[in-house]
Amino acid sequence: MNMEDKFNFFTFLDEARWKAMGNCENEYPEYPYDIPNFADKNAKDEVKVLTLFLGYIVNRQIKSEKIFETFDYIFSRLAKDFVDGKEVDSLLSQYCDGEEKNIWFKCKKTQKHTAQYPNSPIFDNTEELKIKSRFPRIDRSSIRLTLTILAKNYDRNILKFIKTFASETNTMNNLINAFTLLAFNIPIDGAWVNESDRIKALQDLKQDAKATHSKRITCFLNDLIKLGYFRKIISENEITKDIFPRLEKDIHSLNVPGDVWNNNTIFRKCFLKGEPDANKSKNFYAVIRNYYEKSNKKQWYPLQLDCTFDFVPRMCEKQNQTHCSWCPLNNKNNEIKIPKEMCFNSKNEDNFCPFLLISCGYKTKCSDIKFCPNKIKK
């Protein structure tokens, strides 16, 4: 079994992930929180995209369901008021409580029938919604910085910000650096930028600057391009539709977000068995990028390995190591194949793929999958 086949296996998983039920363009909304719980499901596009980004600002050590369900409900209210012209500090006073480490995000609930998910349990209790992020002081500062810059230079419209920095070359690298300057205190091209200098730094941003590695910005951009709900917004909105092909074409330059799952010892040693990077001497995203740059076929691209977020906890965790015997990545196999007991190919392609459901939790029909290893003839 060669490395190229292993990487191509994640093309299959990635394809299934975005076609899984609940992707909002699908007729079976089984997963209730694949997109933010907007307070107003008919809000403007720029409100929805800003809500998604604000949710990623606080998305550290918090379950994604909690981000989409609760934080994003609050942020969608904040984003609407911001787009409508409300002053930034007034907004933060309205939607934040407390000081320093004891900061809460809050809002009063609107009528639930206007919400994206009117059956959400957040509507079951009191009128006020209140929740604390993992790093509240830093998160509030990042949100304030984001809103301040958008208000001063981009007509309070995050879509105009995206279009401004979706450069013709190095598109994703430029967007990552731009969003980093917009919200986070991370060095750009090896240099730290003070908060007061951010607007000038954005104006002077060089397209060939080395991109910083940001898991949250990468996931945000990935959602804009591949998650059906936001893909439709970016590809059809008058502001961004012309630059969407550029975003889609350059997705290969985004690195897989480094996290506990793709750096899991069991997975890493198995996936990279016999390779010099099998041990944790280098960041996984850097290892994968190196393989991609050396690859000749390039059917796959690094960000597709983000599926490890779903695959590894179900397949590689200690209590589930019995799954190794039928895992397609098992190095005892000569080639990657889905076990015949879990494959409906040639029987009934309208069935869900059992392997994808067990290994990743994806409800995807066999007929929707192009890159299944059992369908590809070598």
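Residues numbered from 1 in each chain as written. Predicted model: local features only at pLDDT ≥ 70, side-chain atom pairs only at ≥ 80, totals over all residues. Heavy atoms only, no water.

Asks: I keep staring at the side chain of Ser-295 and nothing clicks. Help me out?
Replies: Considering the arrangement of structural elements, one finds Ser-295 in the loop between helix 13 (284-294) and helix 14 (308-315). Excluding its chain neighbours within four sequence positions, the residues that come into contact with Ser-295 are Glu-4 and Trp-300. (Helix = DSSP H or I, 4+ residues; strand = E, 2+ residues; numbered from the N terminus. Contact = heavy atoms within 4.5 Å.)

Asks: What am I meant to see in the packing of aromatic side chains here?
Replies: The description of an aromatic ring pair rests on the distance of the ring centres and on the angle between the ring planes. Summed over the entire model, instances satisfying the criterion amount to 31 aromatic pairs. Centroid distance Phe-9 to Phe-10: 5.6 Å. Interplanar angle 80°. Geometry classified as edge-to-face. Owing to a relative accessible area of 2%, Phe-9 belongs among the buried residues under this scheme. When the ring centre of Phe-38 is taken as reference, the NZ or CZ atom of Lys-48 above it lies at 5.6 Å. The cationic tip of Arg-134 hangs over the ring face of Phe-135; the distance from NZ or CZ to the ring centre is 5.0 Å. (Phe/Tyr/Trp six-rings, centres within 6.5 Å; stacked < 30°, edge-to-face > 60°. Buried < 20%, exposed > 50% of the residue type's maximum accessible area, 1.4 Å probe, protein only. Lys NZ or Arg CZ within 6 Å of the ring centre and 35° of its normal.)

Asks: Is there a simple way to think about empty space enclosed by the protein in this case?
Replies: Vacant regions in the atomic arrangement are exposed by a probe of water-molecule size rolled over the atoms. For the structure on display, the rule yields 1 cavity of 30 Å³ or more. Taken as a whole, the largest cavity encloses approximately 100 Å³ of empty space. Residue lining of the largest cavity: 13 residues in total, with Cys-343, Phe-344, Cys-353, Cys-366 and Cys-372 positioned closest to the centre. Here the lining of the largest cavity is composed, by residue class, of 11 nonpolar, 2 polar and no charged. (1 Å grid on protein atoms, 1.4 Å probe; cavity = no way out; pocket = protein on both sides within 12 Å on 5 of 7 lines; lining within 4 Å. Points joined across faces, edges and corners; volume = space filled by probe spheres on them. Nonpolar A, V, L, I, M, F, W, Y, C, P; charged D, E, K, R; others polar.)

Asks: I tried to follow the packing of helix 2 (residues 45-57) against helix 9 (residues 215-226) on my own but got confused; where do I start?
Replies: Running from N to C, helix 2 and helix 9 point in directions that differ by 155°, and their axes come no closer than 9 Å. In terms of orientation, helix 2 and helix 9 fall into the roughly antiparallel class. Crossing of helix 2 over helix 9 shows right-handed handedness. Every residue of helix 9 that contacts helix 2 at Val-49, Leu-52, Phe-53, Tyr-56 and Ile-57 is listed here: Arg-216, Cys-219, Phe-220, Asp-223 and Leu-224. (Axes fitted to C-alpha atoms, helices over the stretch in contact; angles between N-to-C directions. Parallel < 35°, antiparallel > 145°, perpendicular 65-115°, else oblique. Left-handed = near helix turned anticlockwise from the far one by under 90°.)

Asks: Is there a simple way to think about the nonpolar core in this case?
Replies: As a rule of thumb, nonpolar side chains are buried together in soluble globular proteins. Formed by 120 residues in total, the largest nonpolar core has its most connected members in Phe-179, Phe-271, Phe-311 and Phe-355. At 10 residues, the largest contribution of residues to this core is made by helix 3 (residues 64-83). Phe-271 has contacts with Met-3, Lys-6, Phe-7, Phe-10, Phe-284, Ile-288, Leu-305 and Leu-329, leaving out every residue within four places of it along the chain. (Core = buried A, V, L, I, M, F, W, Y, C linked by side-chain atoms within 4.5 Å.)

Asks: Can you help me understand the packing of helix 6 (residues 158-165) against helix 7 (residues 171-183) in this one?
Replies: Axis angle and axis distance: for two packed helices, these are the angle between their axes and the distance between the axes, and together they describe the pair. Where helix 6 meets helix 7, the closest approach of the two axes is 9 Å, and the angle between their N-to-C directions is 135°. One element, helix 6, and the other, helix 7, form an angle in the oblique class. In terms of crossing hand, the pair formed by helix 6 and helix 7 is right-handed. Contact residues: helix 6 offers Ile-158, Phe-161, Ile-162 and Phe-165, while helix 7 offers Thr-171, Asn-174, Leu-175, Ala-178, Phe-179 and Leu-182. Residue classes in the contact of helix 6 with helix 7 are distributed as 8 nonpolar, 2 polar and no charged.

Asks: Help me understand the environment of Lys-226, please; the structure alone is not making it clear to me.
Replies: For Lys-226, the location among the structural elements is in helix 9. Separated by 125 residues in the primary sequence, Lys-226 and Asn-351 place their C-alpha atoms 23 Å from one another. Aside from chain neighbours lying at most four places away, what touches Lys-226 is Asp-14, Trp-18, Ile-251 and Tyr-301. Side chain to side chain, Lys-226 and Asp-14 meet in a polar contact 2.4 Å long. A distance of 2.7 Å separates polar atoms of two side chains, one belonging to Lys-226 and the other to Tyr-301. (Polar contact = N/O pair within 3.5 Å; in protein donor to acceptor, adjacent residues only side chain to side chain.)

Asks: Can you walk me through the confidence of the model for the protein chain in this structure?
Replies: One rule of thumb: low pLDDT means the predicted coordinates there are not for detailed reading. Of the residues in the protein chain, 91% reach a pLDDT of 70 or more, and the chain-wide mean stands at 86. Mean pLDDT per element in the protein chain: helix 8 (residues 198-203) is the minimum at 86, and helix 2 is the maximum at 97. Confidence drops under pLDDT 50 across residues 22-31; counting only partners more than four residues distant or on other chains, this segment forms 26 contacts. (pLDDT = per-residue confidence, 0-100.)

Asks: Help me understand the side chain of Thr-180 in this model?
Replies: With respect to the helices and strands, Thr-180 occurs in helix 7. Assessed through its relative accessible area of 0%, Thr-180 is described here as buried. Polar contacts involving the side chain of Thr-180 include one to the main-chain carbonyl oxygen of Ile-176, which spans 2.7 Å.

Asks: Explain the sheet that holds strand 1 (residues 96-97) here, please?
Replies: Two orientations exist for strands paired in a sheet by backbone hydrogen bonds: parallel and antiparallel. Read from one edge of the open sheet, 3 strands run 1-2-3, paired in antiparallel fashion. Each end of this open sheet is capped by a strand with a single partner; those strands are strand 1 and strand 3 (128-131). The sheet strands contacting helix 3 are strand 2 (104-108) and strand 3, and the helix crosses strand 2 at an angle near 65°. (Pairing = 2+ DSSP bridges.)

Asks: For this particular structure, what's the right way to read unusual backbone geometry?
Replies: A negative phi angle characterises most non-glycine residues, just as the trans form characterises most peptide bonds. Phi at Asp-155 is positive, roughly 55°, even though this residue is not glycine. Secondary-structure assignment places Asp-155 in the loop between helix 5 (136-153) and helix 6. What makes Asp-155 exposed here is its relative accessible area of 57%. Backbone geometry places Asn-170, a non-glycine residue, at a positive phi of 50°. Relative to the helices and strands, Asn-170 resides in the loop between helix 6 and helix 7. For Asn-170, a relative accessible area of 37% translates into the label partly exposed.

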